[in-house]
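# An overview of the molecular structure
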Amino acid sequence: MCGRYALFRWNRDFANLPGFPADQQAQWNISPNDSVLMLRAEPDGQRTLARARWGLTPPWLTDMSRTPAHARAETVAEQPMFREALRLRRCLLPANGFYEWRGTTRKRPYWLTPGEGASLFFAAIWEAYPVQEQVWLSTAVITQPAASQRRPLILDEAGQAAWLDPETPLHVLQGLLASEPAALRERVLANLVNDPKLNGPECLTPA
């Protein structure tokens, strides 16, 4: 399961998008419940960025201990927690890569990325949760099976456009949800990243 990812590098075009926080810092070890950047499309097609909590919080939710960070691609269209967000509130989470732990007795962390300097976008859904006079945004990553793991659904440029387009029909979305996992490079890491409080380039220290 993708429980950690990183966003520490971005290009000028990304930084010039509306909503890019002036105080945005590199995040090397993003965990559920952290504040993340999400990319959405406005009704006029303009792409904008906003900060959201990683852990979906629908406005009707009463049990705040149940805020899922992930939604399964196979069932997201049917699950009551997710189906309306899939239909109306789709977004992308930008990343440089993500971490994966493998092993039986002693799990080792791996770093997965499309390549050095590359970026990727996870398919995700979002919700707004009003508290008094403020509205908080939250999000969940769509995951798909990949070998013995579950990984984020990573979309190419055409997939990103279709995912963000509010007019995309359900059968096209279902095609994206069923797409083959992206080809990624991987590198085994030292155990430093196991500490969720660590937030620096040492997270990527090779084994």
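What you see is a predicted model, and the numbers here were worked out from it, not measured in a lab.

Here is what the cut-offs are and how they apply
- Residues numbered from 1 in each chain as written.
- Predicted model: local features only at pLDDT ≥ 70, side-chain atom pairs only at ≥ 80, totals over all residues.
- Heavy atoms only, no water.
- Buried < 20%, exposed > 50% of the residue type's maximum accessible area, 1.4 Å probe, protein only.
- Helix = DSSP H or I, 4+ residues; strand = E, 2+ residues; numbered from the N terminus.
- Arc of directions from axis to C-beta.
- Contact = heavy atoms within 4.5 Å.
- Pairing = 2+ DSSP bridges.
- Axes fitted to C-alpha atoms, helices over the stretch in contact; angles between N-to-C directions.
- Salt bridge = Lys/Arg side-chain N within 4 Å of Asp/Glu carboxyl O.
- Core = buried A, V, L, I, M, F, W, Y, C linked by side-chain atoms within 4.5 Å.

### Brief notes about helix α4 (residues 170-177)
Within the sequence span of α4, burial applies to L173, L176 and L177. An end-on view of α4 places all buried positions within 100° of arc, on one side of the element. Where the residues of α4 are buried, they touch α2 (83-88), β6 (90-95), β10 (134-146) and α3 (157-164).

### Some thoughts on the sheet that holds strand β2 (residues 27-30)
Across the sheet, five strands lie side by side as β2-β1-β7-β8-β12; this open sheet has antiparallel pairing. The sheet terminates laterally at β2 and β12 (185-188), the two strands that pair on one side only. On average, each strand axis in the sheet is inclined to that of its neighbour by 25°, with strand direction left out of account.

### Here's the deal with the pattern of salt bridges
Under the counting rule described, the total for this entry stands at six salt bridges. Close ionic contact of R51 with D23 constitutes a salt bridge, the shortest N to O distance being 2.9 Å. Placement of the pair is R51 in strand β4 (residues 47-54) and D23 in the loop between α1 (12-15) and β2, with a sequence separation of 28 residues. Its relative accessible area of 37% is what places R51 among the partly exposed residues. The closest approach of N and O atoms between E100 and R151, which form a salt bridge, is 2.8 Å. Placement of E100 in strand β7 (residues 97-102) and of R151 in strand β11 (residues 149-152) is noted, with a sequence separation of 51 residues between them. For E100, a relative accessible area of 2% corresponds to the buried category. Take R151: its relative accessible area is 16%, and that puts it in the buried class. Here the salt bridges share partners, and the residues they tie into one network are E100, R102, R151 and E186.

### Looking at the nonpolar core
With 50 residues, the main nonpolar core has Y5, L93, F122, I125, I142 and W163 as its most contacted residues. In terms of residue count, strand β9 (residues 120-131) provides more of this core than any other element does, seven residues in total. Setting aside anything within four residues of it in sequence, one finds L93 in contact with Y5, V36, L37, M38, L120, F121, F122, A124, T139 and V141.

### Examining unusual backbone geometry
Positive phi is not limited to glycine here, since N33 has a value of about 85°. Checked against the element boundaries, N33 lands in the loop between β2 and β3 (35-41). For N33, a relative accessible area of 48% puts it in the partly exposed group. Backbone geometry at Q132 places phi at a positive 55°, although glycine is not the residue there. Within the secondary structure, Q132 is located in the loop between β9 and β10.

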